[in-house]
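These are the residues of each chain, in order.
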Amino acid sequence: MEKIFYRPNEAYVGDVIPFSKDGYAYLYFLYEDRKVPKTGMPWHLVRTKDYVTFEKIDEILPSGGKNKDDFNCYTGSIVTDEKNVIHLFYTGNNPRTKDETGGSLQLVMHATSTDGMKTWVKHEELTFGPNDDYEIHDWRDPFVIYDEEKKIWRMLLAARKKVGPERRRGVTAQCISTDLESWEITSPFWDPDKFVAMECPEVFKWGDWWYFVYSEFSDGFTTQYRMAKHLDGPWTSPKHNNLEGRAFYASKSLFLNNRRYFTGWISTKEANSDDGAWQWAGTMSTLEAKQNVDGTLSFCLPSEVISSIKNRTLNDINVQLKREDGYQSFMLNEKTNESTSYSKFTVDVSSNTKDWGVLLRASEDGDQSYVVRVEMNNNRMVFDRWPRKQLGSEQWQISGDVPYYIELERSIDLSSGRHTIEILQEGTIGVIVLDQKVTMSVRMYDKLEGKLGLFVDDGEVDFVSLERRG
């Protein structure tokens, strides 16, 4: 049973809508039961003070039913006005309502609460769609923020222009309001001419910087961020602008106790198989963001999550691997399985080392395993598996030429010297953290237990210590 990572019984977590109030993180999420035929998409809710213990509150925004615009209640946002009325904006969709192209409409819908979010009243009369500049099938994920400088409310939306190259029409549309009820569509917030769409937009200020977060599916399927000194931009991309890899998607964030947390979902795979296609929705997961001196963001596991895993041991392992012209591995006595575990390796990497890393759930000799590989020359960390799929009579005939799981790579500036690599495992989920800077979430279905191993490829690495929990 998964404990660190929340998932409702017999259902899955879709897009998360975080909201902080009274010392709690309220994590609203799209409840995906994967039933056929579909019964409509509601919002459910859990809340937490520490991202370790979750209080389940169940359904809070129901599907409107088969004849309503909000048969599916998709992603949105929550804000509080000057009278302490709480406003919930969401995407309404009914697949039965289609235009001549066969596409179903997406609409912005509105609900309010005056009893501290115990109950919500829907205001169907305030529903609105796009103007003639935008496609009616892509008008979703309203994110509302108050602009203190201009004294207006802004709403950002995932939208698509009607004209332009088919795969580059994605735009972050923008509406403005003075009362949260009547909205005027204005000039786009961001119009980059580069993506199919940018889902789940969000902006927030942290110190001197504004951050714009969105999830795109064009060149990659990742959540990204950009930075600016002003809410109106220009929005520049940091060198490493992905929050995470392919498995962690639709992440949105909040401040809680002066710390910034990003919550999204780790995708499941079809047929519960390593070779299955990624699916929409999965298991809730949270990362903590740290702000660097230059304003860029680093990501790690919340410290409370790590400390919640008991039975801590810290050992000097003093394993030196040196092979200047090949590969060398070393198998530890420690084993991992589906139960919750945490491993933190501290290593010293010599200059001119090509690759090094950790083997997970490995066979006794390390020949079969999942692989966390740190590629020094390529400045990245990747997730791999050996052997890769079923092989043909020749290695390249099936998938031997695929160097790692596609989109499970994380770029990072690397140099020789000391590094840390942390690995949190629970059930089929793994979250890997390199140098408290970048994280990579993964699924591991086909190998549920095995040994921990270490390796070096063309170089020298000293594995200094290992902290184990679980």
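Criteria and cut-off values
- Each chain has its residues counted from 1, following the order in which its sequence is written.
- Only residues with pLDDT of 70 or above have their local features reported here, since the model is predicted, and side-chain atom pairs are shown and tallied only from 80 upward, although totals for entire chains, interfaces and linings are computed over all residues.
- Values reported for side chains reflect all heavy atoms of the structure, with hydrogen atoms and water molecules removed beforehand.
- In this description a helix means any DSSP run of H or I spanning at least four residues, a strand means any run of E spanning at least two, and both kinds are numbered starting from the N terminus.
- Both definitions apply: the radius of gyration is a C-alpha atom measure, and the globule rule equals 2.2 Å times residues to the power 0.38.
- The rule is simple: take the accessible area with a 1.4 Å probe, protein chains only, and divide by the maximum for that residue type; under 20% is buried, over 50% is exposed, in between is partly exposed.
- Here the accessible surface of atoms and residues is derived via Shrake-Rupley with a 1.4 Å probe, and residues count as covered only by protein chains that are part of the display.
- The charge count treats Lys and Arg as positive and Asp and Glu as negative. His and the chain ends do not count.
- Note that the charge is assigned to NZ on lysines, CZ on arginines, CG on aspartates and CD on glutamates.
- Each nonpolar core is a collection of buried residues, namely Ala, Val, Leu, Ile, Met, Phe, Trp, Tyr and Cys, held together in the definition by side-chain atoms within 4.5 Å.
- In what follows, residue pairs with any heavy atoms lying within 4.5 Å of each other are defined as contacts.
- The definition of a polar contact used here is a pair of N or O atoms within 3.5 Å, where within protein one atom must be able to donate a hydrogen and the other to accept one, and adjacent residues in sequence count solely through side-chain atom pairs.
- For two strands to be treated as a pair, DSSP must find at least two bridges joining them.
- Fitted lines through C-alpha atoms serve as axes, helices being fitted only where they are in contact, and the angles separating the N-to-C directions of these axes extend from 0 to 180 degrees.
- Stacked, edge-to-face and tilted labels apply to pairs of Phe, Tyr and Trp rings (six-membered ring for Trp) whose centres lie within 6.5 Å, assigned for plane angles under 30 degrees, over 60, and everything in between, in that order.
- Consider the ring centre and the ring normal. A charge sits over the ring if Lys NZ or Arg CZ is within 6 Å of that centre and within 35 degrees of that normal.

## Observations regarding the overall build of the protein chain
Reasoning step 1: Looking only at helices and strands, the protein chain features 1 helix and 29 strands.
Reasoning step 2: At 23 Å, the protein chain has a C-alpha radius of gyration in line with the 23 Å of a compact globule built from 470 residues.
Reasoning step 3: Dimensions of the protein chain, computed from C-alpha atoms along their principal axes, come out at roughly 70 × 50 × 40 Å.
Reasoning step 4: Considering the protein chain as a whole, with its 470 residues, one finds that 58% of them fall into the buried category.
Reasoning step 5: For the protein chain, the accessible surface area stands at approximately 20,200 Å², while carbon and sulfur atoms represent 45% of it.
Reasoning step 6: Across the protein chain, the 58 positively charged side chains and the 73 negatively charged ones have centroids separated by 2 Å.

## What about the nonpolar core?
Reasoning step 1: Residues Phe-345, Trp-356, Phe-383, Ile-421, Ile-432 and Phe-463 are the most contacted members of the largest nonpolar core, which totals 49 residues.
Reasoning step 2: Element by element, the count of residues in this core is highest for strand 29 (residues 450–469), at 6 residues.
Reasoning step 3: With near-sequence residues (within four places) excluded, Ile-432 lies in contact with Val-372, Met-381, Phe-383, Ile-421, Glu-422, Ile-423, Val-438, Thr-439, Met-440 and Val-442.
Reasoning step 4: Ile-17, Leu-45, Cys-73 and Met-117 belong to the second largest nonpolar core, which has 20 residues in total.

## With respect to the environment of Asp-193
Reasoning step 1: Structurally, the position occupied by Asp-193 is in the loop between strand 12 (184–190) and strand 13 (198–206).
Reasoning step 2: When the C-alpha positions of Asp-193 and Arg-7 are compared, they lie 36 Å apart, and in sequence the two are 186 residues distant.
Reasoning step 3: The contact partners of Asp-193, leaving out residues within four places of it in the chain, are Lys-161 and Arg-168.
Reasoning step 4: For Asp-193, the side chain forms a polar contact with the side chain of Lys-161, separated by 2.6 Å.

## A closer look at the sheet that holds strand 15 (residues 221–228)
Reasoning step 1: If you trace the 3 strands from one edge of the open sheet to the other, you get 13-14-15, paired in antiparallel fashion. Looking along the sheet, the strands with just one partner apiece sit at the ends: strand 13 and strand 15. For this sheet the average axis-to-axis angle between neighbouring strands, irrespective of direction, equals 20°.
Reasoning step 2: Bridging between strand 14 (residues 209–217) and strand 15 involves 8 bridges; their strand directions are antiparallel. Bridging across to strand 15, Glu-216 finds its partner in Thr-222.

## Describing the pairing of strand 6 (residues 86–98)
When a strand is regular, its side chains alternate between the sheet's two faces.
Reasoning step 1: Where strand 5 (residues 72–80) meets strand 6, 8 bridges bridge the pair, whose relative direction is antiparallel. Within strand 6, the residue paired with Ile-78 across the bridge is Leu-88.
Reasoning step 2: Turn length for the strand 5-strand 6 hairpin, with the two strands adjacent in sequence and antiparallel, is 5 residues, and the turn residue Asn-84 shows positive phi of about 65°.
Reasoning step 3: Connecting strand 6 to the antiparallel partner strand 7 (residues 104–113) that follows it, the hairpin turn spans 5 residues, and Gly-102 within it adopts a positive phi of roughly 95°.

## A few points about the packing of aromatic side chains
Reasoning step 1: Taken as a whole and assessed by the stated rule, the structure comprises 34 aromatic pairs.
Reasoning step 2: Their ring planes at 45° and their centres at 6.0 Å tell us that Phe-195 and Tyr-214 sit as a pair that is tilted. You can see Phe-195 sitting in the loop between strand 12 and strand 13 and its partner Tyr-214 sitting in strand 14, a full 19 residues away along the chain.
Reasoning step 3: The exposure class of Tyr-214 is buried, given its relative accessible area of 0%.
Reasoning step 4: Lying over the aromatic face of Trp-209, Lys-229 brings its terminal NZ or CZ to 4.2 Å of the ring centre.
Reasoning step 5: If you follow Arg-246 out to its NZ or CZ, it ends over the ring of Phe-221, 4.0 Å from the centre.

## A few points about the pairing of strand 14
Reasoning step 1: Within strand 14, 8 of the 9 residues are buried, leaving the element largely enclosed by the surrounding structure.
Reasoning step 2: Counting the residues between successive antiparallel strands, the hairpin from strand 14 to strand 15 contains 3 residues.

## Observations regarding the side chain of Ser-343
Reasoning step 1: The topology assignment puts Ser-343 in strand 21 (residues 341–349).
Reasoning step 2: Contacts of Ser-343, omitting those with residues within four sequence positions, involve Ile-421, Glu-422, Ile-423, Leu-452, Leu-466, Glu-467 and Arg-468.

## Comments concerning unusual backbone geometry
Reasoning step 1: Here the bond from Val-36 into Pro-37 is cis, since omega is 0°, no more than 30 degrees from zero.
Reasoning step 2: Mapped onto the fold, Pro-37 is located in the loop between strand 2 (24–32) and strand 3 (43–48).
Reasoning step 3: Looking along the chain, the bond that leaves Trp-386 and enters Pro-387 is cis, with omega of 0°.
Reasoning step 4: Among the structural elements, Pro-387 can be located in the loop between strand 24 (380–386) and strand 25 (409–411).
Reasoning step 5: Although it is not a glycine, Glu-10 sits at a positive phi angle of roughly 60°.
Reasoning step 6: Topologically, Glu-10 is positioned in the segment before strand 1 (12–21).
Reasoning step 7: Residue class for Glu-10 comes out exposed when judged on its relative accessible area of 74%.
Reasoning step 8: Backbone geometry at Asp-458 places phi at a positive 55°, although glycine is not the residue there.
Reasoning step 9: Position of Asp-458 among the secondary structure elements: in strand 29.
Reasoning step 10: Accessibility expressed as a relative area gives 26% for Asp-458, which makes it partly exposed.

## Here we look at the environment of Val-464
Reasoning step 1: Within the secondary structure layout, Val-464 lies in strand 29.
Reasoning step 2: Along the backbone, Val-464 and Ile-4 are 460 residues apart, and their C-alpha atoms lie at a distance of 28 Å.
Reasoning step 3: Not counting residues within four places of it along the chain, the set of residues in contact with Val-464 comprises Asn-315, Asp-316, Ile-317, Asn-318, Thr-346, Val-347, Asp-348 and Arg-418.

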